[in-house]
Amino acid sequence: MLTKKELLKYPNYLIKKYQNEIYRQLVDYMEKNKLSQKDIAKKLKVSSAYVSQILNGNFNFTLSKLIELGLLMGKIPVIEFADISEIENEKKQGKEKKAGSDISDELFQKSRKRTLQLKEHSYWSYTPKKKSYNEWEVAEKKKYLKLKEKQKVEARGPEPELTKRKK
Amino acid sequence: MKRNGKWLIDEFLEDVKKDKNFEPELGELYATLEDTANGKMVPKNQYRKLRLSKKLKFGAYEAKSRHLRLYLIHDEQGKIIVIGGKKTNQERDIERLEKIIKEFAEYKRNQKIK
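Residues numbered from 1 in each chain as written. Chains lettered and ligands numbered in written order. Predicted model: local features only at pLDDT ≥ 70, side-chain atom pairs only at ≥ 80, totals over all residues.

**A word on unusual backbone geometry**
Residue and element names in this part refer to chain A.
And step 1. Of note, Lys 34 is a non-glycine position whose phi angle comes to about 50°, a positive value.
And step 2. With respect to the helices and strands, the residue Lys 34 is situated in the loop between α2 (11–33) and α3 (37–44).
And step 3. Take Lys 34: there are 7 C-beta atoms within 10 Å of it, and that puts it in the exposed class.
And step 4. One non-glycine residue, Lys 45, lies in the positive phi region at around 60°.
And step 5. Assessed through the 8 C-beta atoms surrounding it within 10 Å, Lys 45 is described here as exposed. (Helix = DSSP H or I, 4+ residues; strand = E, 2+ residues; numbered from the N terminus. Buried ≥ 20, exposed ≤ 12 C-beta atoms within 10 Å, placed from the backbone.)

Here it is in structure tokens:
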């Protein structure tokens, strides 16, 4: 296996890291603002193929485009140069570089929440812990019957008002 | 994963390191693996789940660069990098991966019995 020291010598390693970071930032921005690829392309005044390249993790364009993209998302790319030895030491101590980690964490939490919610609501993944299967089946049937009754009542419409008989 | 005292992935890495055209792509593969290991999102075309037969007990994943592929198995503890290969040999490599998964499942079963 390759060590961190060896990896840092490959320019492609760092390029891919930044490309993926730009991809994550853009996806997050698009999700938050509910924008499509075409919308982003219009705003940047580029073709939608250009945007799809970014979304495929192939962003390798000019510095000016990077800054334009950042400004579109309401962010400024911060470029810093650090010694390789410093980064190696950071990694050894188990520190993560801060750039973009918050957003990816957020996305990770979001996706986790979503899967948990889906698990709660989906019929097939639901497995009762305390109740036995039969009990659970009976409860489900009761729920179903209640729902049916409700639907019937709704279909009937409001009940007619009672009027007193005249003597 | 080891076979005859040698890591399976090392065979691939040694081969690639000899070839100067493919060597830089190793960096790309490691970058995507590092991101996925840290729970970060990665474009679909770089890392995906392989659709193998449903009989296999472990899920398989593939990390991709232009010409190279890394194949992983999803174990209970995490993901294991098993083998690597070139794009041209993809089909053969996937067949090899299926065999390895079957062997691994047997090995696990035997361990549980013991």
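**Here we look at the sheet that holds strand β4 (residues 59–64) of chain B**
Residue and element names in this part refer to chain B.
And step 1. The strand order across the open sheet formed by four strands is β3-β4-β5-β6, and the pairing between neighbours is antiparallel. The outermost strands of the open sheet, each flanked by one partner alone, are β3 (47–49) and β6 (79–86). Across the sheet, the mean angle separating the axes of adjacent strands is 25° when strand polarity is ignored.
And step 2. Packing against the sheet, helix α1 (residues 8–18) makes contact with β5 (68–74) and β6, and its axis sits at approximately 35° to β6.
And step 3. Sitting on the sheet, helix α3 (residues 90–113) touches β4, β5 and β6, and the angle it makes with β6 is about 150°. (Pairing = 2+ DSSP bridges. Axes fitted to C-alpha atoms, helices over the stretch in contact; angles between N-to-C directions. Contact = placed C-beta atoms within 7 Å.)

**Some points on the packing of α3(A) against helix α4 (residues 48–55) of chain A**
Any two packed helices are characterised by how steeply their axes cross, that is the angle between the axes, and by the distance between the axes.
Residue and element names in this part refer to chain A.
And step 1. Running from N to C, α3 and α4 cross one another at 115°; their axes reach a closest spacing of 8 Å. The angle between α3 and α4 falls in the class roughly perpendicular. Here α3 runs over α4; the crossing is right-handed. Residue-level contacts link Gln 37, Lys 38, Ile 40 and Ala 41 of α3 to Ser 48, Tyr 50, Val 51 and Ser 52 of α4.
And step 2. Residue classes in the contact of α3 with α4 are distributed as four nonpolar, three polar and one charged. (Parallel < 35°, antiparallel > 145°, perpendicular 65-115°, else oblique. Left-handed = near helix turned anticlockwise from the far one by under 90°. Nonpolar A, V, L, I, M, F, W, Y, C, P; charged D, E, K, R; others polar.)

**Some remarks on the nonpolar core**
And step 1. Grouped together as the largest cluster of nonpolar side chains are 20 residues, with contacts concentrated most on B:Ala60, B:Tyr71, B:Leu72, B:Val82 and B:Leu97.
And step 2. Counting residues per element, the ones that place at least two in this core are α1, α2 (23–37), β4, β5, β6 and α3 of chain B.
And step 3. Residue contacts for B:Leu97: discarding those within four places in its chain leaves B:Ala60, B:Tyr71, B:Val82 and B:Ile83.
And step 4. Counting seven residues, the second-largest nonpolar core is a separate cluster that includes A:Tyr23, A:Leu26, A:Val51 and A:Phe59. (Core = buried A, V, L, I, M, F, W, Y, C linked by C-beta atoms within 7 Å.)

**Looking at the pairing of β4(B)**
Residue and element names in this part refer to chain B.
And step 1. Examined bridge by bridge, β3 and β4 share three bridges and lie antiparallel to one another. Pairing of Tyr 47 across the sheet is with Ala 63, part of β4.
And step 2. Summarising the sheet, β4 and β5 pair through six bridges and their orientation is antiparallel. Looking at β5, one finds that Ala 60 is bridged to Ile 73.
And step 3. As consecutive antiparallel partners, β4 and β5 are separated by three residues.

Interpretation in functional terms is not warranted from these geometric data alone.
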